[in-house]
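Residue-level listing of the chains:
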Amino acid sequence: MTDIEIRDDRPAGRLEALQGDEVVGRIEYFVLESPARALVPVHTIVEPAHEGKGIAGTLARELYGTAAREGVVVAPLCPYVVKWAERHPDEAPAADPGLLEAAQDWLRAHPGRF
């Protein structure tokens, strides 16, 4: 993976991987406020021409790094991020089950968001 820049577009709910001006991958997420503040990734998408280059893993690592810097947790609903977290428990602390349930409730209450 070369020349990849990661940008957090918080208002749009996207953590983006850019190569030059092109978005080559992204994690779509929302910020849960209650019962505790958390970053909730819902989808990880890598453009087909850029698959297999470690972009999704870089995005997941950066999402957990962002959460750590902000003092919040990640409550992953995205299947890719769930699997990534299982493989990297030292970088990706497990989310409280109640927080995951609250994130799923939020997602059900906002069906058009993702």
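This report concerns the structure included in the present document. (Residues numbered from 1 in each chain as written. Predicted model: local features only at pLDDT ≥ 70, side-chain atom pairs only at ≥ 80, totals over all residues. Heavy atoms only, no water.)

**Some words on the pattern of salt bridges**
Within this structure, the stated rule accounts for eleven salt bridges. Across the salt bridge formed by R10 and D8, the nearest N and O atoms sit 3.1 Å from each other. One salt-bridge network, held together by shared partners, links R7, D9, R14 and E16. (Salt bridge = Lys/Arg side-chain N within 4 Å of Asp/Glu carboxyl O.)

**Observations concerning the pairing of strand 3 (residues 22-32)**
Across six bridges, the pairing between strand 2 (residues 14-19) and strand 3 is antiparallel. Along strand 3, the bridge assignment pairs R14 with E28. Linking strand 2 to strand 3, which pair antiparallel, is a turn of two residues; within it G20 sits at a positive phi near 65°. One ladder, built from eight bridges, connects strand 3 with strand 4 (residues 38-46); its direction is antiparallel. Across the sheet, residue E28 finds its bridge partner in strand 4, namely H43. Where strand 3 hands over to strand 4, the hairpin turn is made up of five residues, counted between the paired strands. (Pairing = 2+ DSSP bridges. Helix = DSSP H or I, 4+ residues; strand = E, 2+ residues; numbered from the N terminus.)

**Concerning the sheet that holds strand 3**
One open sheet holds the five strands; their spatial order is 1-2-3-4-5, and the pairing between them is mixed. Here the strands that pair on one side only, and so sit at the sheet edges, are strand 1 (4-9) and strand 5 (73-74). Where helix 3 (residues 97-109) meets the sheet, its contacts fall on strand 3, strand 4 and strand 5, and the angle it forms with strand 3 comes to roughly 105°. (Contact = heavy atoms within 4.5 Å. Axes fitted to C-alpha atoms, helices over the stretch in contact; angles between N-to-C directions.)

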